[in-house]
Number of protein chains: 4
Amino acid sequence: MSPRTEAQNREIRQESMQKIMDAASRLIAQKGYEATSIAEIAREAGVSKGLLYNYFSSKQDLLEKMVLSAMSQADDVMERLVADDPRQTLENMIRELFRQLHERSEHIRLMMELTFKIDRFDFVRKMASDRYQFYIKFIEDLFHKIGIPDPANEARMLAALCDGIGVQYTVLKGVYSIDQLEEFLVNKYCKKDQQT
Amino acid sequence: MSPRTEAQNREIRQESMQKIMDAASRLIAQKGYEATSIAEIAREAGVSKGLLYNYFSSKQDLLEKMVLSAMSQADDVMERLVADDPRQTLENMIRELFRQLHERSEHIRLMMELTFKIDRFDFVRKMASDRYQFYIKFIEDLFHKIGIPDPANEARMLAALCDGIGVQYTVLKGVYSIDQLEEFLVNKYCKKDQQT
Amino acid sequence: MSPRTEAQNREIRQESMQKIMDAASRLIAQKGYEATSIAEIAREAGVSKGLLYNYFSSKQDLLEKMVLSAMSQADDVMERLVADDPRQTLENMIRELFRQLHERSEHIRLMMELTFKIDRFDFVRKMASDRYQFYIKFIEDLFHKIGIPDPANEARMLAALCDGIGVQYTVLKGVYSIDQLEEFLVNKYCKKDQQT
Amino acid sequence: MSPRTEAQNREIRQESMQKIMDAASRLIAQKGYEATSIAEIAREAGVSKGLLYNYFSSKQDLLEKMVLSAMSQADDVMERLVADDPRQTLENMIRELFRQLHERSEHIRLMMELTFKIDRFDFVRKMASDRYQFYIKFIEDLFHKIGIPDPANEARMLAALCDGIGVQYTVLKGVYSIDQLEEFLVNKYCKKDQQT
DNA sequence: AATGAATGAGACTTCATTCAT
DNA sequence: GATGAATGAAGTCTCATTCAT
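These numbers were taken from a predicted model, which means no experiment stands behind them. (Residues numbered from 1 in each chain as written. Chains lettered and ligands numbered in written order. Predicted model: local features only at pLDDT ≥ 70, side-chain atom pairs only at ≥ 80, totals over all residues. Heavy atoms only, no water.)

Caption draft 1: Spotlight on the side chain of C:E96. Residue and element names in this part refer to chain C. Within the secondary structure, E96 sits in helix α5 (residues 86-103). Judged by its relative accessible area of 10%, E96 falls in the buried class. One polar contact links E96 to R99, side chain to side chain, over a distance of 3.0 Å. Apart from the residues within four sequence positions on either side, E96 is in contact with V77 and L81. (Helix = DSSP H or I, 4+ residues; strand = E, 2+ residues; numbered from the N terminus. Buried < 20%, exposed > 50% of the residue type's maximum accessible area, 1.4 Å probe, protein only. Polar contact = N/O pair within 3.5 Å; in protein donor to acceptor, adjacent residues only side chain to side chain. Contact = heavy atoms within 4.5 Å.)

Next up, the structure:
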């Protein structure tokens, strides 16, 4: 066999890492971080435990890299939501939240799981804190542009509201009709003639 | 010497159980359920592991009894908040939420931790689901009496908002000024001349 | 209250000890020595753990006293079986074995359980060994009187046979018809015109 | 370096499992199932506790696999004992029993130990019951061919006898001369001019 | 005589991690 | 790059035993 080229190796690495992170996402979202074992993740990913440790130096390192990756993906999504009209941006954001609740509820579940590891893993603390502040600031700007009074508090409220909907959807799944809420929010926050 | 009376024993047991549950609350709120070991709880409570198992048949049973106890306490608090004027009731509830965030943030932390054990422990699922629905209905009634339009969705929003504030306070603790938010909410929801 | 007399105390002690030993017999026969806890025995006997330790210095001590008591009872039974005619004595012994299998199979079960503790408890080893030899010798004498050739080996065979029937009855309980075997043995060993 | 081949791994696993089962056999035969700890078995086998759990999912599973293996070995031995002449088959069986008592008394001890776990472990109940009935039937056939009257009861007697000799050998080890008994039994059951 | 709260050693089991191949 | 056998620390839980009352 001829040795693999550098590029081939890189690609193989990328693929394996992604497989592992996807498997970990699924399992951790379902069962929680502690209840998910490395052995299980490796099995679900279809690789050996040894290989997993080639890519991730520890279980925590895997978690860190997963969070980074998830954040980066979230940023990509965010960028696409920004429109010229701040009201439209807001609507896009709200509709995206509900889309994710519908289509990737497990992903939301994972983020919640992680949020509450905040006191155990410093990297989560820093990252989550930064992002929360960033998003709140971002919404505040939108509100400011729209001309809503007290945009700072309104922004914190909307951010909290989104989180809370995530929590309640997770808890009440099945009894919690999201669709009405989506229209309600869009009407409330994004229509010209409405005032919060 | 004669053995202890039944009443004496009951008191001793009560005390020990409470010591254990308090210790468990502190630790689980701080580090999470899985990361808190029985040995640690016993040490923090100042009792032996064996005694813990005299009162709680398993780690999960301890959690269950803690939840039951917390729920019962929460019910007691709730009852005291109800006033003749629905606006006043709402204000009491909101102020109580913030008081707890201030004074018993660890307790909030614990409830959050538990909420996300929902897929692991059936007893949490049932209990949490029932309570969520009860509180949402309760708020809906208040809104209805006050005459707010679309009280159903407004209630779900307020409930989510409260949860979300809990989450964000937990995450942003220290950077998150609660006091402004409290007045903001009271003004928004409980003053006669305000409309959501 | 007037203090109890010495005699009353002795009687109370006797009674309590017997209750405990009976409870222990039932449970150990059912579940085995290791699987039966002191707490269970005390509960079944209707006394406290503390009292149990007043009478028996340890779990092993309880077992020892139970064995002693069982042996003593067995001796009493044996005495009543001896008849003038050695053939009749043999028949009595065989019929007694089957009566016990029928009516006190749990007792047989307990003895089996104990027999196999022989390598862990020295007192069992010594006692069991002595008794086995005594009974074998006793049967040998009977065979000798009856005039059966090679009574030594025949006695060892009959003794083994009785043990084996106990084992098989325990194992095959429900599929193992004892009654035919009883007549078969009586015919074989105790009738004048029969020869082993 | 390339990973081990599947065949290499299989062999490594086989070896480790065998080491563990052998160690467990020795210890359980000596001290009993409950009194033998997993830690001890691992130490005796020269492996870690963890490895033991790679191969056996629990202490009971280890016992089950040991029983299965022992049964399978016993079957192999049985097959070799069958001869054309039923008397010869009987003699082979009896001589094999005594050979095992001499050379593998620990193995007999283990089987006894297991037999009395019958009420604790369902798999033992089924397996033991089936085998007992099979062997009794097998002996009955031999007796029938030889022309012994009442072969059914005689078979049950011989089977019980074998068990009983096992028990007594275990109990009286050292004081129990087996050799005479062997010749005695062979003479009694397998010689043409003898009648039971 | 009698109770049962309390202890702590030790049992079984899980799992992140290492390393020879 | 890839495997999985092997380890051992740590976790949950049980239970014989002690002792203040």
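Picking up after the structure, the text goes on.
Caption draft 2: Representation of the relation of the copies chain B and chain A in the model. It takes a turn of 179° to lay chain B on chain A, together with a shift of 0.2 Å along the axis; the resulting RMSD is 0.3 Å. The transformation just described matches what one would write down for a two-fold rotation axis. When the interface residues of chain B are mapped onto chain A, 98% of them again lie at the interface, so the same face is used by both copies. (Least-squares fit on C-alpha atoms with pLDDT ≥ 70 in both.)

Caption draft 3: How the structure looks around the interface of chain C and chain D. At the interface, 45 residues of chain C touch 45 residues of chain D. For the pair chain C and chain D, the two sides together bury roughly 4100 Å², of which 61% comes from carbon and sulfur. When residues of chain C are sorted by the area they lose upon contact with chain D, C:F116, C:R156 and C:M157 head the list and together hold 18% of the total. Our count for the contact surface shared by chain C and chain D stands at 3 salt bridges. C:K188 is paired through a salt bridge with D:E154; the nearest N and O atoms lie 3.1 Å apart. There are 11 residue pairs in polar contact (both at pLDDT 80 or more) connecting chain C and chain D. Broken down by secondary-structure element, the contributors of at least two residues to the side of chain C that touches chain D are α1 (6-31), α6 (105-115), α7 (122-146), α8 (151-172) and α9 (178-190) of chain C. (Buried area = accessible area lost by both parts, 1.4 Å probe. Salt bridge = Lys/Arg side-chain N within 4 Å of Asp/Glu carboxyl O.)

Caption draft 4: Up close: the interface of chain B and chain A. With 45 residues of chain B in contact, the opposing surface of chain A contributes 45 residues. Carbon and sulfur atoms supply 61% of the area buried between chain B and chain A, which totals about 4100 Å² over both sides. For A:E113, the salt bridge identified is with B:R120, shortest N-O distance 3.2 Å. Here the side of chain B that touches chain A gets 15 residues from one element, more than from any other, and that element is helix α8 (residues 151-172) of chain B. Its residues assigned to classes, the side of chain B that touches chain A shows 21 nonpolar, 12 polar and 12 charged. (Nonpolar A, V, L, I, M, F, W, Y, C, P; charged D, E, K, R; others polar.)

Purely geometric stuff here, so don't read any function into it on its own.
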